[in-house]
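# Overview (structure and organization)
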Amino acid sequence: MRYGHSVAAVRRAEGALMARVAEGALMQRAAAGLAAVGADLLGRVYGARVVVLAGSGANGGDALFAAARLLRRGASGTAVLLSPERAHAEGLAAFRAAGGRVTGAEGGPAAIARADLVLDGITGIGGKGGLRPEAEPLAEAAHEARAAVVAVDLPSGVDADTGEVQGAAVRADATVTFGTYKPGLLVDPAAEHAGALRLVEIGLDPAELGPPELEALQHADVAALLPRPTGESDKYRRGVVGVVAGSERYPGAAVLAVSSAVRGGAGAVRYVGPGGTAVLAQHPETLVSDGSPRGAGRVQAWVVGPGLGDDARARTAVEEVLQAPVPALVDADGLRLLSPEAVRRREAPTLLTPHAGEAAALLGWSREDVEAGRLRAVRELAARFGATVLLKGSTTLVADPDPAVPVRANPTGTSWLATAGSGDVLSGLAGSLLAAGLPARDAGSTAAYLHGIAARLSTPPLTAPDLAAALPAAWQNVSGGA
Ligand SMILES: NC(=O)C1=CN([C@@H]2O[C@H](COP(=O)(O)OP(=O)(O)OC[C@H]3O[C@@H](n4cnc5c(N)ncnc54)[C@H](OP(=O)(O)O)[C@@H]3O)[C@@H](O)[C@H]2O)[C@@H](O)CC1
Ligand SMILES: [K+]
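Residues numbered from 1 in each chain as written. Chains lettered and ligands numbered in written order. Predicted model: local features only at pLDDT ≥ 70, side-chain atom pairs only at ≥ 80, totals over all residues.

## Focus: the sheet that holds strand S14 (residues 328-330)
Spatially, the 11 strands line up as an open sheet ordered S1-S9-S18-S17-S16-S15-S14-S13-S10-S11-S12, and their pairing is mixed. A single partner strand is all that each edge strand has here, and the edge strands are strand S1 (2-4) and strand S12 (287-289). Direction aside, the axes of adjacent strands within the sheet are offset by 20° on average. Of the strand pairs in this sheet, strand S15 (residues 350-352) and strand S16 (residues 388-391) are connected by two bridges, and their pairing is parallel. Residue pairing across strands places Leu351 opposite Thr388, the latter belonging to S16. Sheet contacts for helix H20 (residues 440-457): S15, S16, strand S17 (397-399) and strand S18 (407-409); angle to S16, the most-contacted strand, approximately 15°. (Pairing = 2+ DSSP bridges. Helix = DSSP H or I, 4+ residues; strand = E, 2+ residues; numbered from the N terminus. Axes fitted to C-alpha atoms, helices over the stretch in contact; angles between N-to-C directions. Contact = placed C-beta atoms within 7 Å.)

This is the structure:
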C-alpha cells in the first residue's frame, strides 16, 4: 500500500523526529536520496549539466545539497535562485563550495535549455497557491527542455493536500518525495504533474504520522483482497450478482456489464432486463429474467444503471434495488434516477460510481469544479449520500461515507480506458466483487485496479469487450496465478 499523509501530519512527524536527530540530518537524508535518483536518471554523472531551481525554503535546500553531491561526482551545475537574498544559506554554501554557479530567475531559461537534469526545488509542502509569476517561465522552460525534470518532494505549484493545481505548476518526469507520499501526488490533476514517484525514507515515525488521508493499492494488496473459492464453495456461496442494465435502446450495456460480472469473482450472474437474448448469446451461463429486480430471485448484490434509460421500468428497477437489503452499486442512468433519500435510508452498503459529469449533476457543481477538486468532490458526495462513492477518472477515487477512513486512489488508470462501455465493464466487475463479499470500498478500489491492469494488458486501441476479455489475465497478473 502507498499512503498519502497530509502536510499537517508530515509537519508533526518531522517535528518529533527533528527533536531526536542532529540538525540538518533530515535534509541530508533527503538530499542523498534525491541525488541518487538524479544520478540514476543521468546514467553518467561526470560531465552532466545540472540546473537547480531553488526557492527560499527547505525544498530549495534539499535541491541545492543534492546538486552539490552530483557536482562532487563531476557534474557541472547552475542554481537559479528565485529570491537570491533569501536562498537556503547552508545549501547554497555547499553548492558553491562544490563549484556551482548561481544566477537569478532571468538567467534560468537559458541554463535550463542546456541542462541534462533539472531539480525543481521551488516549493515543497510549504508552497501556497500556484507558482508565482517569476517562477512560471522556469516551469515552462523545464517542460520544453530535453532535460529530465525531477521534482523535489512535490512538483512546485501543486497542492500537496488536495491534488488541486491553481495556475501554473512544474511538470516533472519523476518526483522524489520524502518520508511519505502526499495526497496530491496520487490525485489528478496534480498526479499528472508528478511523473514516476520515488519515496525516500527519512525516518518519520508512523505513529507520529497517524492515519493517512489517502491510500493507493499495490499488487499485493489487491491479491490479498481478491475472493478465492474454497473447498466449501458452491456457486451460491460464492455470491450471486444481479445486473439490471440495458434497454431496448442500449442492449450493449447489458452484455458488457454481464461480461465483466461473470469474470469478477461471484459464483453466478442474474440478469434482469430486456436484453436477455443478447446476454445469453454471449454468456449462456447467465440466469436471465425480464421482470423487475424484486421478482428475480435472490442475489448477494445488485448492479443497476448501465444503459438503463429513464422510462418507468428503469425507475422501478432503481427503486426496487435501493429497497433490497443487500449491497447495491448504482451507475450511469441509475445515478440520474435515484432518490438521495432512498440511498441515505439504506442499511446495506451502497456504491455510487459516477464519472465527473455525473458527479457534477449529483452535487450541483460544474464539471470543471469536480475535475479540479476531485478529492473534495468524492468526499462531499460520500458524506451527502451516506454511501461509498467511486469517482471515475485517470486517478479514480473511492471514498467511504466515514470521513475518517482514507480515500483510495487508483494508480493503474490509463487514458485508453476512456472508451465507450468501459464504465459498464467496471460496474459489472465491482458488483461481482460486492456479491463475493468484499466491503464497498474494497470492491470499488479492487475493481478499478483490475480494470486498469486489464487495459494495460490489452492491445491499444482497446474496446470495452477487449477490456472484459482481459480481466482473467489482469486477475492472474495481480495474484501471480494463485
Ligand atoms: N518534511 C520533512 O520531514 C522534511 C522536509 N524537507 C523539505 O522541506 C520542504 C518544506 O520546506 P519549507 O517548509 O521551508 O517550505 P518550502 O516548500 O520550501 O516553500 C516555502 C517557501 O516557498 C515560498 N513560496 C510559497 N508559495 C510559493 C509559490 N506559490 N510560489 C513561489 N514561492 C512560494 C515561500 O516564500 P515566501 O512566501 O516567504 O516568499 C516559502 O519560503 C519539504 O517539501 C521538503 O522538501 C526535507 O528537507 C527533509 C525533511
Ligand atoms: K518542488
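Following the structure, the description resumes.
## Quick word on the sheet that holds strand S7 (residues 174-178)
Pairing is parallel in the open sheet, where seven strands are placed in the order S4-S3-S2-S5-S6-S7-S8. Bordering the open sheet on either side are strand S4 (101-104) and strand S8 (196-200), each of which pairs with just one other strand. When the angles between neighbouring strand axes are averaged without regard to direction, this sheet yields 20°. In terms of strand pairing, strand S2 (residues 49-54) meets strand S5 (residues 117-121) through five bridges, oriented parallel.

## Here we look at the confidence of the model for the chain
Note that predicted coordinates carrying low pLDDT should not be read in detail. For the chain, the average pLDDT comes to 96, and 100% of its residues sit at 70 or higher. Predicted complex metrics record ipTM = 0.96 and pTM = 0.96. (pLDDT = per-residue confidence, 0-100.)

## Re the packing of helix H16 (residues 356-363) against helix H18 (residues 374-385)
How two helices pack is summed up by the angle between their axes together with the distance between the axes. At a minimum axis separation of 11 Å, H16 and H18 run at an interaxial angle of 50°. The angle between H16 and H18 places the two elements in the oblique class. The interaxial crossing formed by H16 with H18 has left-handed handedness. Between H16 and H18, the residues in contact are Ala359, Leu362 and Leu363 and Ala377, Glu380 and Leu381, respectively. (Parallel < 35°, antiparallel > 145°, perpendicular 65-115°, else oblique. Left-handed = near helix turned anticlockwise from the far one by under 90°.)

## Things to note about the site of ligand 1
Neighbouring residues of ligand 1: 28 residues in total, closest Gly57, Ala58, Asn59, Gly124 and Gly126. At the level of secondary structure, the elements contributing two or more residues to the shell around ligand 1 comprise helix H1 (7-18), helix H2 (25-42) and helix H3 (58-72). Considering each element in turn, the shell around ligand 1 owes the most residues, four residues, to H3. When its residues are assigned to classes, the shell around ligand 1 shows 12 nonpolar, 11 polar and five charged. (Near = placed C-beta within 6 Å. Nonpolar A, V, L, I, M, F, W, Y, C, P; charged D, E, K, R; others polar.)

## A few points about H18
With 12 residues, H18 extends 17 Å between its outermost C-alpha atoms, agreeing within 8% with the 16 Å of an ideal straight helix rising 1.5 Å per residue. Along H18, the residues that are buried comprise Arg374, Leu375, Ala377, Val378, Arg379, Leu381, Ala382 and Phe385. Note on H18: the residue one or two positions beyond its end, Gly386, has a positive phi of about 60°. (Expected span 1.5 Å × (residues − 1). Buried ≥ 20, exposed ≤ 12 C-beta atoms within 10 Å, placed from the backbone.)

## Regarding the UniProt feature "binding site: AMP" (unreviewed entry) in the chain
UniProt's entry tags Lys392, Gly393, Ser394, Thr395, Thr396 and Gly423 with the feature "binding site: AMP" (unreviewed entry), counted in the numbering of this structure. The named residues occupy 32 residues along the chain; their greatest pairwise C-alpha distance, 14.2 Å, places them in one compact cluster. Checked against the element boundaries, Gly393 lands in the loop between S16 and S17. Of the residues examined, Gly393 has 24 C-beta atoms within 10 Å and is grouped as buried. When near neighbours in sequence (up to four residues on either side) are disregarded, Gly393 contacts Asp188, Ala356 and Arg374. Look past the residues within four positions of Thr396 in its chain and what remains in contact with it is Leu390, Leu391, Asn410, Gly413 and Ala448. (UniProt positions renumbered as here; feature names shortened; annotations may be inferred.)

## What to know about the packing of H2 against H3
Their axes nearest at 8 Å, the elements H2 and H3 cross at an angle of 55°. Here H3 runs oblique to H2, going by the angle between their axes. The handedness of the crossing between H2 and H3 is right-handed. Contacts between H2 and H3 involve Met27, Gln28, Ala30, Ala31, Ala32, Leu34, Ala35, Gly38 and Ala39 from the first element and Ala58, Gly61, Asp62, Phe65, Ala66, Arg69 and Leu70 from the second.

## Description of the UniProt feature "binding site: K(+)" (unreviewed entry) in the chain
Here the UniProt-annotated "binding site: K(+)" (unreviewed entry) positions come out as Asn59, Asp120 and Ser156. Look at the named residues: they lie 98 residues apart in sequence, but the longest C-alpha span between them is just 9.5 Å, so in the fold they bunch up. By the element assignment, Asp120 lies in strand S5. Apart from the residues lying within four places of it in its own chain, the contact partners of Asp120 are Leu53, Ala142, Val149, Val150, Ala151, Val152, Pro155, Ser156, Val170 and Ala172. Along the chain, Ser156 falls in the loop between strand S6 (148-152) and S7. Setting aside its immediate chain neighbours within four residues, Ser156 contacts Asp120, Ile122, Thr123, Gly127, Leu131, Ala135, Ala151, Ala169 and Val170.

## Considering the environment of Leu256
Following the sequence through the fold, Leu256 ends up in helix H11 (residues 251-261). Take Leu256: there are 32 C-beta atoms within 10 Å of it, and that puts it in the buried class. In this structure the C-alpha to C-alpha distance between Leu256 and Ala436, which are 180 residues apart in sequence, comes to 19 Å. Other than its neighbours up to four places away in sequence, Leu256 contacts Gly421, Asp424, Val425, Gly428, Ala464 and Ala468.

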